[in-house]
Amino acid sequence: MILLMTTGTEQVSSDSDITENKPSSLHMIKFMSTRKGKHSMTAACTLTTKNNIDDIDITENLILKSDSYKYSHWLQYPTGLTYMFDYLESRGTSHNIDKHVMDETRFFGLQYYVKKYLSRPITMGMINQAEEIIAGQGLPFNREGWELILNEHNGFIPIRIRAAKEGALIPAHNVLMTIESTDDRIPWIVGWAETLLMKVWYPTTVATLSYSIHELIKKYLDFTADDRGKLPFMLQDFGYRGVSSDESAGIGGMAHLTNFKGTDTVAAVAYARKYYHADIAGVSIPASEHSTITSWGAGRENEQEAFENMINRFGDYANYACVSDSWDYDRALRTWISLKPLIERHDGILVVRPDSGDNVRNALVALRILDEGFGSTVNSKGYKVLNHVAVIQGDGCDYDSIERILQATMDAGYSVQNLAFGMGGALLQGGDHSSVNRDTHKFAIKCSAAVINGTLVDIYKDPKTDPGKRSKRGRLDLIHDGNGYRTVKLDAATYGEHGYARDSALETYYDDGRVLCDYDFKDIQLSA
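Residues numbered from 1 in each chain as written. Predicted model: local features only at pLDDT ≥ 70, side-chain atom pairs only at ≥ 80, totals over all residues. Heavy atoms only, no water.

### Let's talk about the overall build of the chain
Looking only at helices and strands, the chain has 16 helices and 22 strands in total. Residues classed as buried in the chain amount to 54% of the 528 residues present. By element, 47% of the accessible surface of the chain is carried by carbon and sulfur atoms, the whole surface being about 22800 Å². (Helix = DSSP H or I, 4+ residues; strand = E, 2+ residues; numbered from the N terminus. Buried < 20%, exposed > 50% of the residue type's maximum accessible area, 1.4 Å probe, protein only. Areas by Shrake-Rupley, 256 points an atom, 1.4 Å probe, with all protein chains shown as cover.)

Next up, the structure:
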């Protein structure tokens, strides 16, 4: 990793074999990383010298990416504090909504937050603007500290972030990420960073939920199918419209794609390309919605014309899907059978989509009626596989309902490879029977060590009112041995303030302005 800082006449490099000259005015910062023998730019930004608050986009001001009350914390720590060490963990699971929440988490998304936010330096204009906002809220603002970051760290946040590998499946109650200060004059910056870095709970929670359904479907595939070839495409992300923001769609959609390769959330594809080097991280198929069917007119005859149009337009795609409950679902299935000669003249697989009603009943009715019309073959496991057609259930899907459909399908003698599922807001935002929030896995970032008056001390809490919130003590690391992952306390006498376990499972993502993480998305997908 090379950090280049160019001015009009000077160049500074972090490589030790190059003489370092401190630039008087910084204009361009580029982070270059070496990946598989190639150099690729992971971030580039321009540091302006404008001090006018009006020139700064307040929504992009990095200094303001923390909780309001944290701006007073620099005055609350004990005198003599020169170092802070925080850690992130899942403190267990909450089963209030979804009893299937895993006791493990699939860690994902930190690279996005590091590249998106920490690869950009702060400016004097940001400091001026932040001071106005924080003071306006009635809080003290540490202008001296932020100017020190600007002038002596070229505007980059002086912390070190180490974390589990993206895509790793880590048992609850283990360290997932550590954050520590790198400048003994600014230890409080670790607490400031908590708000931004805590947000990794969201992609990790979505990735974990998606993974749990991946494992559920895989189990039934192994019972009823000859292979797992269809597995990557058996849970489609329908959640774009069901999330609160475009950023949530991009982040959560990427998280789902760590386990599957089907998505209708285009933002996920865009984010994966920008932040994880993915070309096309997820794919989709031509599919109808009710408006494209009902616009042909009411009733069965008009619906048949719409169906014929779908076949003629998309029949030679590998797969194409058509919603079939606009009027009378059972009669629509018979309409599809009447169109069998037209369907069979094309190479593509018709995927029939029931929507409203009992989703278990809908899936079984579709399988049985389509089997009558199109026939099926029996695979080596003794289960039927439909010819030319398949079924996707995209309404009311969560872990429980998907499991019921899979079980009913197997009990009826059909392979679950005949099925696919679509999951919307319940996947990316949570719903009545799925939980996607910070408390799903009880995520918390806590301070566990500090140097005060030259001595490294343990920091922890142990509330009698809730023993489940007892925090860990000391500088911590994560290792992987023959028994799996476990968290270890780094002995001060051996490791001091800066050492780590030799067999540490944590990797450095960011170090005092240097972006060191650069995962390829395809490698994370393979780990799923």
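From this point, the narrative continues.
### What to know about the packing of helix α5 (residues 201–224) against helix α6 (residues 246–256)
Two elements in contact, α5 and α6, have axes separated by 7 Å at closest approach and are oriented at 40°. Compared by their axis directions, α5 and α6 come out oblique. Crossing hand, α5 versus α6: right-handed. When α5 is examined against α6, the residues Y202, P203, V206, A207 and S210 are found in contact with a partner set consisting of S248, I251, G252, A255 and H256. (Axes fitted to C-alpha atoms, helices over the stretch in contact; angles between N-to-C directions. Parallel < 35°, antiparallel > 145°, perpendicular 65-115°, else oblique. Left-handed = near helix turned anticlockwise from the far one by under 90°. Contact = heavy atoms within 4.5 Å.)

### Notes on the layout of surface pockets
Where empty space is left can be seen by rolling a probe of water-molecule size over the atoms. Taken as a whole, the largest pocket encloses approximately 1100 Å³ of empty space. As for the largest pocket, its lining consists of 49 residues, of which Q236, F238, D264, A321 and I392 are closest to the centre. Its residues placed into classes, the lining of the largest pocket shows 23 nonpolar, 18 polar and eight charged. (1 Å grid on protein atoms, 1.4 Å probe; cavity = no way out; pocket = protein on both sides within 12 Å on 5 of 7 lines; lining within 4 Å. Points joined across faces, edges and corners; volume = space filled by probe spheres on them. Nonpolar A, V, L, I, M, F, W, Y, C, P; charged D, E, K, R; others polar.)

### Some details on the sheet that holds strand β18 (residues 455–458)
What the seven strands build is an open sheet, ordered β18-β17-β5-β9-β7-β21-β22; its pairing is antiparallel. Pairing within the sheet leaves two strands with one partner each, and these edge strands are β18 and β22 (514–515). Both strand β7 (residues 159–164) and strand β21 (residues 506–511) contribute to a ladder of five bridges, which runs antiparallel. When the sheet's bridge partners are listed, R160 is paired in β21 with D511. In the packing of helix α1 (residues 110–118) onto the sheet, the strands contacted are β7, β9 (175–181), β21 and β22, and the crossing angle to β21 comes to about 10°. (Pairing = 2+ DSSP bridges.)

### Overview of empty space enclosed by the protein
A complete count under the given rule lists two cavities of 30 Å³ or more for this structure. One number sums up the size of the largest cavity: a volume of about 90 Å³. Looking at the lining of the largest cavity, its residues break down into seven nonpolar, three polar and one charged. One number sums up the size of the second largest cavity: a volume of about 80 Å³. Lining the second largest cavity we find eleven residues, and of these V101, M102, T208, L209 and H441 sit closest to its centre.

### Re the environment of A450
On the secondary structure map, A450 appears in strand β17 (residues 443–452). A450 sits 25 residues away from R475 along the chain, and the two C-alpha atoms are 8.6 Å apart. Every residue in contact with A450, bar those within four places of it in the chain, is listed here: L81, Y83, M84, T455, L456, V457 and I459.

### Details of the nonpolar core
Ranked by internal contacts, the top residues of the largest apolar core, which has 141 residues, are L110, W146, I159, I161 and I217. Per element, the largest residue contribution to this core is ten residues, and it comes from α5. In terms of nonpolar packing, the next biggest core, distinct from the first, is built from five residues, A321, A390, I392 and A420 among them. (Core = buried A, V, L, I, M, F, W, Y, C linked by side-chain atoms within 4.5 Å.)

### Overview of the pattern of salt bridges
Following the criterion strictly, the structure yields 24 salt bridges and no others. Residue D518 is joined to K115 by a salt bridge in which the shortest nitrogen-to-oxygen separation is 2.7 Å. Placement of D518 in the loop between β22 and α16 (521–527) and of K115 in helix α1 is noted, with a sequence separation of 403 residues between them. For the residue pair D518 and K115, the accessibility class agrees, reading buried in each case. In this structure, the salt-bridge partner of D330 is R361, at a minimum N-O distance of 2.9 Å. Of this pair, D330 sits in helix α10 (residues 329–338) while R361 sits in helix α12 (residues 359–374), and the two are 31 residues apart along the sequence. Exposure remark for R361: the relative accessible area of 39% places this residue in the partly exposed category. Through salt bridges with shared partners, a single network forms among R160, E180, R475, D511 and R514. (Salt bridge = Lys/Arg side-chain N within 4 Å of Asp/Glu carboxyl O.)

### Some details on unusual backbone geometry
Here H388, not a glycine, exhibits a phi torsion of approximately 75°, which is positive. Tracing the backbone through its elements, the reader meets H388 in the loop between β14 (384–386) and β15 (389–393). With phi around 50°, K442 is a residue other than glycine that occupies positive phi space. With respect to the helices and strands, the residue K442 is situated in the loop between α14 (425–428) and β17. Judged by relative accessible area, K442 falls into the partly exposed class, the value being 36%.

### Let's talk about the environment of G92
For G92, the location among the structural elements is in the loop between β5 (81–90) and β6 (104–106). Here G92 falls in the buried class, since its relative accessible area comes to 8%. Taking C-alpha positions, G92 is 8.6 Å from G468, a pair spaced 376 residues apart along the chain. Setting aside residues no more than four positions away along its own chain, G92 makes contact with A172, H173, T440, H441 and K442.

### Looking at a nonpolar patch on the surface
Taken together, the side chains of F233, I280 and V283 make up a nonpolar region of the molecular surface, amounting to roughly 260 Å² of accessible area. Positionally, V283 belongs in the loop between α7 (266–276) and α8 (290–294). Take V283: its relative accessible area is 39%, and that puts it in the partly exposed class. (Patch = residues over 30% accessible without salt bridge, like charges linked within 9 Å, V, L, I, M, F, W, Y side chains within 5 Å.)

### Overview of the packing of aromatic side chains
Inspection of every chain in the model, using the stated rule, returns 16 aromatic pairs. Three or more aromatic residues joined by ring pairs make a cluster, and in this case those are Y112, Y113, Y117, Y271 and Y275. When the ring centre of Y211 is taken as origin, the NZ or CZ atom of R106, which lies over that ring, is 4.0 Å away. R162 extends its terminal NZ or CZ atom over the ring of Y500, reaching a point 3.8 Å from the ring centre. (Phe/Tyr/Trp six-rings, centres within 6.5 Å; stacked < 30°, edge-to-face > 60°. Lys NZ or Arg CZ within 6 Å of the ring centre and 35° of its normal.)

### Regarding the confidence of the model for the chain
Overall, the predicted model of the chain reaches an average pLDDT of 89, with 89% of residues at or above 70. Scored below 50 in pLDDT, residues 1–48 shows 108 contacts in the model against residues more than four places distant or in partner chains. (pLDDT = per-residue confidence, 0-100.)

### Things to note about the packing of α12 against helix α13 (residues 399–411)
Relative orientation and spacing of two packed helices are given, respectively, by the angle between their axes and the distance between those axes. Where α12 meets α13, the axes come as close as 9 Å, and the angle between the chain directions of the two elements is 30°. On the basis of their axis angle, the class for α12 and α13 is roughly parallel. For the pair α12 and α13, the sense of crossing is right-handed. Between α12 and α13, the residues in contact are N359, V360, A363, L364 and L367 and S401, R404, I405, A408 and T409, respectively. By residue class, the composition of the contact of α12 with α13 is six nonpolar, three polar and one charged.

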